[in-house]
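Report on the structure
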Amino acid sequence: MTDWLLKIKEIVWLQIFIIYTRYLIGGTFVFASLIKIKGLRFTTNSGADAPIDSAWHFFETMYQSGLYWQFLGFGQLVAGFFLMTQRYSKLGAALFYPIILNVFVITLSYEFGATPLITGLMLLANTVLLFWEWNSLRIFFNQSLIRDNPNRIENNLIWQWLGLFLFVFTTSYRIYTNKYDMFFWLGTCFLIGLSGFVAWLWKSKFKTQTV
């Protein structure tokens, strides 16, 4: 499997897919974390009067805990940040997994409509990211470390700077506003991500021409 994975990781479009998957699920965690860190509810209404076996009562209980609510937020923020940096994405994927697994089980335990589909896809994406890092993570299973090709597109510095830019935009937007426009945030992140992709294409074309 190791030789097969090494070959797979050389495929350019798969590397791009992995890079933007990290941005997507990492950015989602960062976006969701800051409302907790600020000590605010997900919604404007209290869930204290909701049935005790309902999702809203469960979230109200976590919100009222104070410290635990903010602790969850910081955990999501750190995991999302590491994923978005690309450079520390292995650590981010490892930290992300138990958190998203916990969220997925919560959405299965209460009535959340179609939310388990979303959290399930995030869990699946995180599993793919961990599989992508198997050559490094295999040391936790008492297997020798296998080093990947350091010259892959995935390791280009432009993705690290783009991830940092996306992180700063997301945190700034969520810190300075309690009422948010989801379409504005998603649209702006899409444009930032697209600009980074165009910059990488231009840089790659220029490098090819000079060679």
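The structure contained in this document is the topic of the report that follows.

Here the focus is the overall build of the chain. Scanning the chain for helices and strands turns up nine helices and zero strands. Along the three orthogonal principal directions, the C-alpha set of the chain runs to about 65 × 40 × 30 Å. Residue pairs in contact within the chain that sit at least 24 positions apart in sequence constitute 68% of those at least 6 positions apart. Summed over all atoms, the accessible surface of the chain reaches about 12,600 Å², with 70% contributed by carbon and sulfur.

Taken as a whole, the largest pocket holds about 1,300 Å³ of empty space. Lining the largest pocket are 40 residues, and of these Thr 28, Ala 32, Val 103, Thr 119 and Met 122 lie nearest its centre. Among the secondary structure elements, those contributing two or more residues to the lining of the largest pocket are α2 (12-37), α3 (55-64), α4 (67-85), α5 (89-109), α6 (115-132) and α9 (182-210). If you tally residues by element for the lining of the largest pocket, the top one is α2, at 10 residues. In the lining of the largest pocket, the residues fall into 29 nonpolar, eight polar and three charged. Here the second largest pocket is characterised by a volume of approximately 410 Å³. What lines the second largest pocket is a set of 20 residues, among which Lys 90, Ser 136, Asp 148, Arg 152 and Asn 155 lie closest to the centre. Broken down by class, the residue content of the lining of the second largest pocket amounts to four nonpolar, seven polar and nine charged.

Soluble globular proteins tend to bury their nonpolar side chains together. Counting residues in each nonpolar core, the largest one holds 20 residues, and the members touching the most others are Tyr 23, Val 30, Leu 77, Trp 159, Leu 162, Leu 166 and Trp 185. Sorting the residues of this core by element identifies α2, α4, α8 (157-175) and α9 as the ones contributing at least two each. Sequence-distant contacts of Val 30, defined by excluding residues within four places in its chain, comprise Leu 77, Gly 80, Phe 81, Met 84, Phe 167, Thr 170 and Thr 171. Core analysis: the second largest hydrophobic core is formed by 17 residues, Phe 96, Met 122, Leu 130 and Leu 137 among them.

Quick look at α3 now. All of the buried residues in α3 are Ala 55, His 57, Phe 59, Glu 60 and Met 62. Along its buried surface, α3 packs onto α4.

Closest axis-to-axis distance for the α4/α8 pair is 7 Å, and the angle between their directions is 145°. When α4 is examined against α8, the residues Leu 77, Phe 81, Met 84 and Thr 85 are found in contact with a partner set consisting of Trp 159, Gln 160, Gly 163, Leu 166, Phe 167 and Thr 171. Classifying every residue of the contact of α4 with α8 gives six nonpolar, four polar and no charged.

Throughout the structure, instances matching the rule amount to 19 aromatic pairs. Ring plane angle 25° and centroid distance 3.9 Å describe the contact between Phe 29 and Phe 96, whose orientation is recorded as stacked. Here Phe 96 lies in helix α5 and Phe 29 lies in helix α2, a separation of 67 residues in the sequence. As far as the burial class goes, Phe 29 and Phe 96 line up, both buried. An aromatic cluster of three or more residues is present, and its members are Tyr 20, Tyr 23, Trp 159, Phe 197 and Trp 200.

In this section: α2. End to end, α2 covers 37 Å across 26 residues, agreeing with the expected 38 Å (1.5 Å per residue, within 8%). Counting buried residues along α2, 19 of its 26 residues qualify, which places the element largely inside the surrounding structure. Within two residues after α2, Gly 39 carries a phi angle of roughly 75°, on the positive side.

About the criteria used
Residues numbered from 1 in each chain as written. Predicted model: local features only at pLDDT ≥ 70, side-chain atom pairs only at ≥ 80, totals over all residues. Heavy atoms only, no water. Helix = DSSP H or I, 4+ residues; strand = E, 2+ residues; numbered from the N terminus. Contact = heavy atoms within 4.5 Å. Areas by Shrake-Rupley, 256 points an atom, 1.4 Å probe, with all protein chains shown as cover. 1 Å grid on protein atoms, 1.4 Å probe; cavity = no way out; pocket = protein on both sides within 12 Å on 5 of 7 lines; lining within 4 Å. Points joined across faces, edges and corners; volume = space filled by probe spheres on them. Nonpolar A, V, L, I, M, F, W, Y, C, P; charged D, E, K, R; others polar. Core = buried A, V, L, I, M, F, W, Y, C linked by side-chain atoms within 4.5 Å. Buried < 20%, exposed > 50% of the residue type's maximum accessible area, 1.4 Å probe, protein only. Axes fitted to C-alpha atoms, helices over the stretch in contact; angles between N-to-C directions. Phe/Tyr/Trp six-rings, centres within 6.5 Å; stacked < 30°, edge-to-face > 60°. Expected span 1.5 Å × (residues − 1).

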